[in-house]
Amino acid sequence: MSLLQTLWSYVYPITLQQKTTAANGLLELVLYQGKKMLNSPKANYSYGSLQRVFELALENHPPQFKVNQRVLILGFGAGSIQKVLLEAHHFTGTVTGVEYDKELTEWVRPHFEKYFDNVTLEHCDALSFLEKNKNPFDFIFVDLFCDLKCAPVCFEGNFYSLLKQNLLPNGCLYHNTMGSTKQLGFIKQQYQQQFGNLRSQQFLGSNTVFYGRA
Ligand SMILES: C[S@@+](CC[C@H](N)C(=O)[O-])C[C@H]1O[C@@H](n2cnc3c(N)ncnc32)[C@H](O)[C@@H]1O
């Protein structure tokens, strides 16, 4: 990354690399305002507006982390939720990241290495992970997308009962979503059934984050 590229990136985003993966199709590593980020064709996946959504969600609902807690990130992508946890919230516990696109993580990891350090990465489908996992978490962050759309798994009824099963008593969940009124209505209904005490908030005009407590 040259100085000229960095300066130019404040005027216009620069594509540094492109990769097509079987799971996600075309992905781009972009330099924008001096920062590297990962984009799908229509959405920011990591380190841009996606990171901002979680920064805002956690500012509005601070997670109250304690020592030795366990976090699960479903849809690890390039790790920008991990960046928010480490740098804005000084999280010191353990992190498991679930990401079904192994090609993506292998490609981006050298660019964001410090946010992969100390993360246990599971390259599998989020639903299968929840079905098999026997060790529940203190916090679950759900960030499952296919480009601009919530991943199909978010519209499976048993996903929400599995999320609850995978949370410790008093555990907290943050779920970033985008979608039509009907889709968001479905997700809201699932959370109401499982968690009762549901809250949600809209950020950046397009994303709705649902909060649940087991
Ligand atoms: C917006 S990106 C995640 C960004 C990431 N949370 C971060 O902090 O940088 C959405 C991710 O969900 C992953 N994904 C979509 N459906 C999935 C599934 N069923 N199981 C696991 N990962 C999935 C995609 O491969 C993509 O990397």
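Residues numbered from 1 in each chain as written. Predicted model: local features only at pLDDT ≥ 70, side-chain atom pairs only at ≥ 80, totals over all residues.

Those residues of helix 6 (residues 157–165) that fall on the buried side of the exposure criterion are Phe 159, Tyr 160, Leu 162 and Leu 163. Take helix 6 and look down its axis: the buried residues cluster within an arc of 165°, on one side only. Looking at the packing, one finds that the buried side of helix 6 touches helix 5 (126–132), strand 8 (137–142), strand 11 (167–177) and helix 7 (181–195). (Buried ≥ 20, exposed ≤ 12 C-beta atoms within 10 Å, placed from the backbone. Helix = DSSP H or I, 4+ residues; strand = E, 2+ residues; numbered from the N terminus. Arc of directions from axis to C-beta. Contact = placed C-beta atoms within 7 Å.)

A separate point is the pairing of strand 7 (residues 119–122). Bridging between strand 6 (residues 94–98) and strand 7 involves four bridges; their strand directions are parallel. Paired with Thr 96 across the two strands is Thr 120, which belongs to strand 7. Running through helix 4 (residues 102–108), the crossover from strand 6 to the neighbouring parallel element strand 7 is right-handed. (Pairing = 2+ DSSP bridges. Right-handed = clockwise from strand over helix to strand, strands pointing away.)

Here the focus is the environment of Asn 118. Considering the arrangement of structural elements, one finds Asn 118 in the loop between helix 4 and strand 7. Sequence-wise, Asn 118 and Thr 94 are 24 residues apart; in three dimensions their C-alpha atoms are separated by 7.4 Å.

Close to the ligand lie 25 residues, the nearest being Ser 46, Gly 75, Gly 77, Ser 80 and Ala 151. For the shell around the ligand, the elements supplying multiple residues, two or more each, are strand 4 (44–46), helix 3 (80–87) and strand 9 (145–146). For the shell around the ligand, the residue count by class is 15 nonpolar, six polar and four charged. (Near = placed C-beta within 6 Å. Nonpolar A, V, L, I, M, F, W, Y, C, P; charged D, E, K, R; others polar.)

On to the packing of helix 2 (residues 49–60) against helix 3. A pair of packed helices can be characterised by two numbers: the angle between their axes and the separation between those axes. Orientation of helix 2 relative to helix 3, taken along the N-to-C sense of each, is 40°, at an axis distance of 9 Å. If you check the angle between helix 2 and helix 3, you find them oblique. Both helix 2 and helix 3 take part in a crossing whose hand is right-handed. Residues Leu 50, Gln 51, Phe 54, Glu 55 and Leu 58 of helix 2 lie in contact with helix 3, whose contacting residues are Ser 80, Ile 81, Lys 83 and Val 84. When its residues are assigned to classes, the contact of helix 2 with helix 3 shows five nonpolar, two polar and two charged. (Axes fitted to C-alpha atoms, helices over the stretch in contact; angles between N-to-C directions. Parallel < 35°, antiparallel > 145°, perpendicular 65-115°, else oblique. Left-handed = near helix turned anticlockwise from the far one by under 90°.)

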